[in-house]
Amino acid sequence: RGDRGDSESQGGCLALASDLSLDLLAMSAWPGVHVGDAGAAWLLGRRAFSRRALGLQKGEAVPDLSVEPNIHVLTALNPTCEGRAVFVSVRRHACRGAGGVLARSRWRDEQGRPQFSTTMVIHLSPKEVVDACVILGLASIHDVDVVSDIVPLQPPPLPAPRDPLVLSFPLSAGAGLPFRCSQAAGGALTHFAHPSTWHACDFDAPVGTPVLAASDGTIAEVRDGCAAGGGADTSLFFAFNSVVQLLPDGTTTLEYVHIRAGSAVVRAGDPVRRGQRLCESGDAGFCPTPHLHLEAHAHGLADPAAPSLPLAFAFEAGGEAAVEARAGAYYDATRGEVPPPPAAAPVAALLAASVAESEGGGRE
């Protein structure tokens, strides 16, 4: 990990293993979503892009996705010299990867009707082809029901735009349990794909958890009419609820996303103080688990797609030092980072042991 340096000491290796186990713990808890990064074992295969091997003539358009008409392999193709993030959901039919049938995500449409999708997030390198899965039960190639969103990978500007924006924790301590950070900076589910989301933080929270203002400011926008969500389908990227807060400097915006429909108790133009209740956390939009997505921009009202800002959190019992959230770690609203709750501890220990074993044997 770049932020950890290249230390070869035992302490450095242990820190690496610990952070990797947290990343794995976060990724293991996205029901029905399959992340296809460079080490993903569920993918059928990767290979270099070649027009000749694919039977494409010079100048012939290259599809972003294809389904082989006989054996129904779903393939993502990237003929360009830049990386791509491929978000794809297969509806109505199950999918089989290298290790067996892939778990599906249950979600609801705008009318509240249950739907099911197998959703894949494929990190596609330049000039690469990835065979993702076999779509099962197709009577005809015309029965394929796929929804996708494919974007060029745009790494965040380096160094970071500025020092982390220090906030108070945005979720109420009244829930009684700590909140798991399921994605932090560069998160492998969605945050990695664009500078506008790179520094965002996701905190898993039960639907209905009070969301508190993480800073003083003024409410710039409220959107809480979306009922679709509760799972992972690519179409849900474009269905969400949010509260947007303008901070005291008059330019920085803070977005609270995926809030529960109809839960906002503030309106555009309202002044708010740090710790004031804004709404309830929910699962509107693309939510493999119910969570609050927090994202800040230096000039968010003028350019919502501008690079996001690094975030840090100051906790009441944590002293003066602010903490940058880590994926897979748990946070108490007043004490900061805490051990996993009992139900999650065995999973965390198992993943940590697995990472330690894989790291231990191969180093010189």
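On a predicted model such as this, the values are computed, not experimentally measured, just so you know.

## Remarks on the pattern of salt bridges
Then, number 1: Applying the stated criterion across every chain yields a total of 13 salt bridges.
Then, number 2: Between Asp 145 and Arg 92 there is a salt bridge; the shortest N-O distance is 3.5 Å. Residue Asp 145 is located in the loop between strand 10 (128-135) and strand 11 (146-152), and its partner Arg 92 is located in the loop between strand 5 (84-91) and strand 6 (95-97); the two are separated by 53 residues in the primary sequence.
Then, number 3: When its relative accessible area of 55% is taken as the criterion, Arg 92 is described as exposed.
Then, number 4: Its salt-bridge partner being Arg 277, residue Glu 280 comes within 3.0 Å of it at the nearest N-O pair.
Then, number 5: Taking relative accessible area as the criterion, Arg 277 reaches 39% and is therefore assigned partly exposed.
Then, number 6: Connected through salt bridges with shared partners, the residues Arg 260, Arg 277 and Glu 280 form a single ionic network.

## Description of the environment of Gln 183
Then, number 1: With respect to the element layout, Gln 183 can be found in strand 13 (residues 179-183).
Then, number 2: A sequence separation of 21 residues divides Gln 183 from Asp 204, and the C-alpha atoms of the two residues are 9.2 Å apart.
Then, number 3: Once residues within four sequence positions are removed from consideration, Gln 183 is found in contact with Trp 30, Ala 188, Leu 189, Thr 190, His 191, Ala 200, Cys 201, Asp 202 and Ala 327.
Then, number 4: At a separation of 2.9 Å, a polar atom in the side chain of Gln 183 contacts the side chain of Thr 190.
Then, number 5: At a separation of 3.2 Å, a polar atom in the side chain of Gln 183 contacts the main-chain amide nitrogen of His 191.

Quick notes on the rules
All residue numbers refer to position in the chain's written sequence, counted from 1. In keeping with the model being predicted, local features are shown solely for residues with a pLDDT of at least 70 and side-chain atom pairs are shown and tallied solely at 80 or more, while totals for entire chains, interfaces and linings include all residues. To obtain the side-chain values, all non-hydrogen atoms of the structure were included, while hydrogens and water were left out. Any Lys or Arg side-chain nitrogen located within 4 Å of an Asp or Glu carboxyl oxygen qualifies as a salt bridge. Counting from the N terminus, the helices are the DSSP runs of H or I reaching at least four residues and the strands are the DSSP runs of E reaching at least two. Exposure categories follow from relative accessible area, calculated using a 1.4 Å probe and restricted to protein chains: below 20% of the type maximum is buried, above 50% is exposed, and the middle band is partly exposed. Between two residues, a contact is recorded if the distance between any of their heavy atoms is within 4.5 Å. Distance and chemistry together define a polar contact, namely a pair of N or O atoms within 3.5 Å, with one atom able to donate a hydrogen and the other to accept it when in protein, and with adjacent residues in sequence counting only for side-chain atoms on both sides.

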